[in-house]
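Below are the chains, spelled out letter by letter.
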Amino acid sequence: AIEFAKNGDIVFAGLRDLAKKDALEAAALKENVQVNLVQLDIADDSSVKNAVEQVKISHGRIDVLVNNAGYGVFGSVESTTIEEFKEQFDTDFFGAIRTIQNVLPIMRSQKSGYIINISSVAGWIGFPVVSAYVTCKFALEGLTECLRQELYNDDEPEKGIHSILIEPGVVNTKFYENMKTAKHAFDIDDYKKVIEKFQENGAEIFKEAMQPEKVAKKILSVIEEVDPEPRYRVGYDAEQYWADKTTLTPLEFEKVVRGIVKDFSEGNPEND
């Protein structure tokens, strides 16, 4: 939000709880920029509708939508309940659909716009014991590709509405400290050790990761492109894993993923 405001854009930042606005307001004040705050719970249909309507009334248009809200859950497929899967999807996946469906009519009337969906390396790598989160990101990738095809302008490909994926590696945000743990995550011994290792080393891994400004600057550069690519990776780790996935056989890449999991569980991520 701050990077967009510094760029001279009119920014509306959605917060589920406006009582938690202090950090963002302080950051905006420090940079001497304006960020408009709007109450937005992407898991609530009426909240999304009201937030988008508020922006429309204020400025009459929306040029860029960034879907970046989400959280993660520790738990295997076997130990994560259906309800926990549904809760994860309601925010990380259906939340994006809600915002897109409310913003698209505005962009369609403008005949222009950028829909930026923040995915992850977890959108194309199946990591263990965070299965609900990974599944949401895989779904978001498919959704974005479908939307991109639906919005494609045959007559003028460089114009219209663009649907784009941003796929960061590990980023130094509050994502890790806000992760939840499935109720029965530790009920099965086969998964218990992996989850415990992830939790033990995760805080340090995220603390040493790239800063979120790097992702924000990538988004800013993407929306300057007249004919943007379908997806953009951010971070050394994301680029390296993509290179491995696209050059190795599926079985070879599975071994790479096991190595990634081992590095994370031991607190040694390949990161910039």
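Residues numbered from 1 in each chain as written. Predicted model: local features only at pLDDT ≥ 70, side-chain atom pairs only at ≥ 80, totals over all residues. Heavy atoms only, no water.

### Here's the deal with the packing of helix 3 (residues 45-59) against helix 5 (residues 94-110)
Here helix 3 crosses helix 5 at 30°, and the two axes come no closer than 9 Å. As summarised for this structure, helix 3 and helix 5 are arranged roughly parallel, according to the angle between their axes. Helix-helix and strand crossings are classified by hand; for helix 3 and helix 5 the assignment is right-handed. Between helix 3 and helix 5, the contacting residues are D45, V48, K49, V52 and K56 on the first element and R98, T99, N102, V103 and I106 on the second. (Axes fitted to C-alpha atoms, helices over the stretch in contact; angles between N-to-C directions. Helix = DSSP H or I, 4+ residues; strand = E, 2+ residues; numbered from the N terminus. Parallel < 35°, antiparallel > 145°, perpendicular 65-115°, else oblique. Left-handed = near helix turned anticlockwise from the far one by under 90°. Contact = heavy atoms within 4.5 Å.)

### Things to note about the pattern of salt bridges
Scanning the entire structure with this criterion turns up 13 salt bridges. Between D45 and R98 there is a salt bridge whose closest N-O contact spans 2.5 Å. On the criterion of sequence distance, the pair formed by D45 in helix 3 and R98 in helix 5 is long-range, its members being 53 residues apart. Its salt-bridge partner being E83, residue K86 comes within 3.8 Å of it at the nearest N-O pair. Taken together, the positions of K86 and E83, both in helix 4 (residues 82-92) and three residues apart, correspond to about one turn of that helix. Salt bridges sharing partners connect three or more residues here, namely E141, E145, E167, R231, R233 and E239. (Salt bridge = Lys/Arg side-chain N within 4 Å of Asp/Glu carboxyl O.)

### A look at the packing of helix 4 against helix 6 (residues 131-151)
Contact geometry for helix 4 and helix 6: axes closest at 9 Å, N-to-C directions at 40°. Here helix 6 runs oblique to helix 4, going by the angle between their axes. Judged by the sense of rotation from one axis to the other, the crossing of helix 4 with helix 6 is right-handed. Contact with helix 4, carried on its side by F85, Q88, F89 and D92, involves S131, A132, Y133, T135, C136 and A139 of helix 6 and no other residues of that element. In terms of residue class, the contact of helix 4 with helix 6 is built from six nonpolar, three polar and one charged. (Nonpolar A, V, L, I, M, F, W, Y, C, P; charged D, E, K, R; others polar.)

### Topic: the sheet that holds strand 6 (residues 160-168)
Strand order in this open sheet of four strands is 3-5-6-8, and the pairing throughout is parallel. Strands at the two margins of the open sheet, each flanked by one partner only, are strand 3 (64-67) and strand 8 (231-234). Recorded for the sheet is a direction-independent mean angle of 20° between the axes of neighbouring strands. By the bridge criterion, four bridges tie strand 3 to strand 5 (residues 112-118) in an arrangement that is parallel. Directly across from V64, in strand 5, lies its bridge partner Y114. (Pairing = 2+ DSSP bridges.)

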